[in-house]
Amino acid sequence: FFSCPFFPPDSESPQMAEIDVLTQHVIKQEELISQLKSVVDQQALALQILKEEDDDLLLDDGEGAGDAAGYESGDEEFDRVGALSHAAMQKEDEPPIDATEKGEKDVDFDAEPTEEERNFMSVKPWLGAMCPPTDFKKDPALDEAPSVKLELEHVYGYRARTCRNNVYWIDDNTIVYFAAAVGIVHKISNNTQQFFFGHSDDIVSLDYHKKRGLVATGQLGKDPKICVWDVYSMEQVHCFSGYHQRAVVDVSFSADGSRLASVGLDDDHSVAVYNIDSGAMVAEAKGGDRRILSVCWNTCRDANGNTDFITVGRKHIQFWQLEGTRLEYKKGILGRKGEIQTFLTAACTSDGAVVGTQDGSMYFFRRNKLRRIVQAHNGMIYSLKFEGQMLFSGGRDGLLTMWSPNGSKVASFDLNKYDSGESKNSVRAIDFLDNKIVAGTITSTIYGIDLSTNEVSVLQVGHFGNLKTRDPHEYGELWGLCPVPKELSFASVCEDGTLRVWDVQQRRMVKRVEIGSAALCCHMSSDGALLAVGFSNGAFAIYDTSDYTEILRKRHHKRRVPCIKFSPDCTMLAVASAQNVIDLYDATRGFRRVGVCAGHSSAVLHLDWDKASQYIQTVSQAYELLWYDKKGMQEPNSRRLKDLQYATQECTLGWNVQGIWPKFSDGSDINMVNLSNNEKYLVSCEDSGKVKIFNYPCIGSGLDRRGKLRRRPESQIARGHSSHVTNAAFLHNDSYVISTGGADLCSFQWKVVPAN
C-alpha cells in the first residue's frame, strides 16, 4: 500500500519513520553477517593451509640447522621454485656492458605503465580502511619541511660488476672509485670519505689523471653524461652530454690530460674526444656495429699519447688517430697467431699496446700488428695496467699478476683466498703507486697490497649480489636491513647469501656470516638476542646474535619472504609470504607456528606490530591495508583499531603516511618507510633514488573523494643512490639513517643534522 504510486505516503508519518528504522536495522544486520562470513572464510582457509602443509618441508627443530644448505636433498625443486619466485621484486638495472654478459637488450626508458601501476592509480582499496585517531588535531607545522636533513657520511659498497679499471690511487693514503651514483674519494688512514654528487644514474666508468688531479666519470641513462671533476675540491669542472646514448661505457684521459676519449652504448657504439680546457667536443665518429668495451690512449714510443688511442671490444681492436676534427682508425691485425674473440681491456707499454682477451691471453702489439701472445690467466682478463716499468693483469681466476714489459712473469697474488665466500674472486681493476697496488674485485671488495711486505689488506667491502649468474638482470639486490637495538650498528642481508653487521662509528664491517641462500629481509628482537632472516625460497632462519650461529631454519611456503618481524615483547614472530599469507610463530615455544593470517589477494610486503604485541597491520602488493590479532584472526572493522600505537611504521599505506606518495606515483614508487624512535620524523625510500624525511604523521592536506592528495607536505631530500632505494632505518638514538640501494647493492650511512 505504501509503495503504491497513487497513494504516496507522508515522509514524516509515524509509519514511514518506523519503516526507516527497520530498514537501517536490516542493513546493519546484513553488513554484520557479511563481515562474520568473511572472517569465517579466512579462518577456514588458514586452517586448510595448516592442515595441508607438508611436514617434510620443515627442519627437525631438535636438530638445529641441519646441513649446510638447511634442507634435505629432496628439496631441489623448492630451491628452483624459490629462486624464480623473487623475480617479481627484481627491477632492470642497466643494459649489459660486459662481453661476458648475454644479450644486447636495451633499457626501455619510455615504457608504458604496467597493469599493476594502472590499478594503483585507479583503484585504491586501502582508502576505506583509513581513519584519523580519536580527537586528532593537525598541527600546520606538519606540512613544513622537517628541521633536520640527511648528510652522507659513508658508503659501504663498490661497483665492480659490468665495470673495469675503476679504482685509482690519488696518493699512498687515498683512493678514488665510485658506487651507485656517487664518486668517492676514500682516505685510508682514518676511513673517511668525500663525495661527488654530479650524476643522476649509475656510474659505470672512471678515469683519473694524476698530474692534473682530475677525475672523469660516465653514467648510464637515456641521455648519459660525463662529469669531469676536481679530486681535491670535489667540484665539477665540465659536464658533457647529448651525444652518447644508454651508457658511457668507458672514458680515458690523454697523456697530458688535455683531452678525454669516451665510448657509448648506442647502436653505432660512438666514439668522442673532448677538449678538457675548452669544454668542447673535438671530434666524434661511429665505432661500428660491435660493442666497444674499453678505450685507452696509445702512449708507446711509436705513437702520440695525445692524438692516438685504442678501443677494444667484441671481436675487434681499433687503433685510432685524431687529425684536427677527424677520427680515423686502423684495425688490429692478428695474422695467424691470434684468434678473433672478445677483447676486454688494453694498456700501453713503451714498446706497444697490450690487449687482454676472453681466453686469458695477453696480446702484445707493435703498432697495429700482433707480435707475441702470452697465456696469462685461466679465463678472461678484465684489467691491465702499465705503471713504473711493470705490467699488471687481473683475471677472472682471481689472480693479480705482475709482468715485465716483455711479458715475463714477476709475481702473482691469489685474491681468492682473501674472500671467505666465493671461490672465484675475479679482479676488475688495478692501479699502482709507490710500491703499492690497489685492486677492485667482483665481490665489491677493494684490496691494498704492499709490495715491500707482500701484505694484503681490505680497504673497502660491500654486498655483491649473485655471482653464479651470467645474466646482469639476475645479479640480485640488497633489501634486508635492520638496526641493532641500543647500538650504533646495523645488520644487512642480501642475495649474495651473506649476513653482515656494520659498526657506524668505526665505519666498517665487523661481522660476516655465510647463510647459504639469497636473503631478502631481516629483523632483530628488541632485546638484541635474536636475528630473524627471510629468504627468497620461502624459508626463514633464526640466529643467536652473540656469535651469529644459526639456531633453526624453517620453511612452510615455496615463495619468497618479503618481510619478517618480531613482536615488541619478543614472544612472537610474524613471517610474511609472497604466498599471500602471514605465518605467526611462538618464540617461547621453539618458534612453533600458532596462526596464519589469510585474506590478502597478493604478496604481503610490509607489517607492523602494535606496542602491546596484540595486533599487526599489513600491506600487500595489491594495495590492501588489513589488520590481524596475534592469533591470526582478521579484524574487519579498522575503525575499532584507529587509536593503536605501533612499535614501527613500515607499512607504506595508511592514514599516518598518506602524504609520502609523490605526484603521479604508482604503487611501486615507495618501497619502504620508517619512523624515528622519537616518533617525530618519517623516512621514505623511492624508486627515483631519493631518500626523503617528513614530519610525522605525514598526512598533507588529506585526500579528496577520488583518493588524491590535496596538498603534499614538504620534505628534506637526500640523493646518491642510483636506482630504487629498497630500505631505510633510523638507528637507536636517531642520529643516523641507513639506506640500502637495490641494484647498486650499497648501504648509505646518513648523519641526521640540523637543516639550517
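As a starting point, this report considers the structure included with it. (Residues numbered from 1 in each chain as written. Predicted model: local features only at pLDDT ≥ 70, side-chain atom pairs only at ≥ 80, totals over all residues. Heavy atoms only, no water.)

## Overview of the overall build of the protein chain
- From N to C terminus, the protein chain includes three helices and 51 strands.
- Looking at the protein chain as a whole, 59% of its 756 residues are labelled buried.
- The long-range share in the protein chain, meaning contacts at least 24 apart out of those at least 6 apart in sequence, stands at 52%. (Helix = DSSP H or I, 4+ residues; strand = E, 2+ residues; numbered from the N terminus. Buried < 20%, exposed > 50% of the residue type's maximum accessible area, 1.4 Å probe, protein only. Contact = heavy atoms within 4.5 Å.)

## Some words on unusual backbone geometry
- Across the junction of Tyr 696 and Pro 697, the peptide omega takes the value 0°, indicating a cis bond.
- The residue Pro 697 is located in the loop between strand 47 (691-695) and strand 48 (716-718) in this model.
- Residue Thr 162 is not a glycine yet carries a positive backbone phi of 60°.
- Residue placement: Thr 162 occurs in the loop between strand 1 (148-156) and strand 2 (168-171).
- A positive phi angle is found at Tyr 548, which is not glycine, with a value near 60°.
- By the element assignment, Tyr 548 lies in the loop between strand 36 (539-544) and strand 37 (549-555).

## Structural notes on the pattern of salt bridges
- Applying the stated criterion across every chain yields a total of 20 salt bridges.
- Put simply, Glu 635 and Arg 640 hold a salt bridge, and the shortest N to O gap is 2.6 Å.
- Through salt bridges with shared partners, one network takes in Lys 210, Lys 385, Glu 387 and Asp 431. (Salt bridge = Lys/Arg side-chain N within 4 Å of Asp/Glu carboxyl O.)

## Notes on the side chain of Gln 460
- Of note, Gln 460 is situated in strand 29 (residues 455-460).
- Owing to a relative accessible area of 5%, Gln 460 belongs among the buried residues under this scheme.
- Here the side chain of Gln 460 touches Val 155 through a polar contact of 3.0 Å, landing on its backbone oxygen.
- Excluding residues that lie within four positions of it along the chain, Gln 460 makes contacts with His 154, Val 155, Tyr 156, Gly 157, Tyr 177, His 186, Gln 193, Ser 444, Thr 445 and Ile 446. (Polar contact = N/O pair within 3.5 Å; in protein donor to acceptor, adjacent residues only side chain to side chain.)

## Describing the sheet that holds strand 37
- Reading across from one edge, 34-35-36-37 is the order of the four strands in this open sheet, with antiparallel pairing throughout. Edge positions in the open sheet fall to strand 34 (519-524) and strand 37, since each of these has one partner strand only. With direction set aside, neighbouring strand axes in the sheet form an average angle of 20°. (Pairing = 2+ DSSP bridges. Axes fitted to C-alpha atoms, helices over the stretch in contact; angles between N-to-C directions.)

## Focus on the nonpolar core
- Grouped together as the largest cluster of nonpolar side chains are 36 residues, with contacts concentrated most on Leu 150, Val 155, Ile 446, Val 737, Phe 748 and Trp 750.
- When residues in this core are grouped by element, the largest group, four residues, is from strand 1.
- Contacts of Leu 150, omitting those with residues within four sequence positions, involve Val 691, Ile 693, Ala 718, Val 737, Trp 750, Lys 751 and Val 752.
- Residues Tyr 208, Val 231, Phe 309 and Leu 322 belong to the second largest nonpolar core, which totals 34 residues. (Core = buried A, V, L, I, M, F, W, Y, C linked by side-chain atoms within 4.5 Å.)

## Observations regarding the packing of aromatic side chains
- In total, this model carries 18 aromatic pairs according to the counting rule given.
- Residues Tyr 158 and Tyr 177 carry aromatic rings whose centres are separated by 6.0 Å and whose planes lie at 80° to one another, so their mutual orientation is edge-to-face. On the criterion of sequence distance, the pair formed by Tyr 158 in the loop between strand 1 and strand 2 and Tyr 177 in strand 3 (residues 174-179) is long-range, its members being 19 residues apart. You'll find Tyr 158 and Tyr 177 in the same group, each marked buried.
- Note on Phe 195 and Phe 197: the rings are 6.0 Å apart at their centroids and 45° apart in plane angle, and the pair reads as tilted.
- Residue classification places Phe 195 among the buried residues on the basis of a relative accessible area of 11%. (Phe/Tyr/Trp six-rings, centres within 6.5 Å; stacked < 30°, edge-to-face > 60°.)

## Here's the deal with the environment of Asp 586
- Mapping Asp 586 onto the fold places it in strand 40 (residues 582-586).
- Put simply, Asp 586 and Met 572 are 14 residues apart on the chain and 4.8 Å apart in space, counted from C-alpha to C-alpha.
- Among residues more than four places away in sequence, those in contact with Asp 586 are Thr 571, Met 572, Phe 591, Arg 592 and Val 594.
- Within the structure, Asp 586 has its side chain in polar contact with the side chain of Thr 588 (distance 2.5 Å).

## A few points about the pairing of strand 36
- Strand 36 sits mainly inside the fold: five of its six residues count as buried.
- Counting the residues in the hairpin turn of strand 35 (residues 530-535) and strand 36 gives three residues, including Gly 538, whose phi is positive at 95°.
- As judged from the six bridges shared by strand 36 and strand 37, these two strands associate in the antiparallel manner. Across the sheet, the residue bridging to Phe 540 is Lys 554, located in strand 37.
- What sits between the antiparallel neighbours strand 36 and strand 37 is a turn of four residues, in which Tyr 548 has the positive phi angle 60°.

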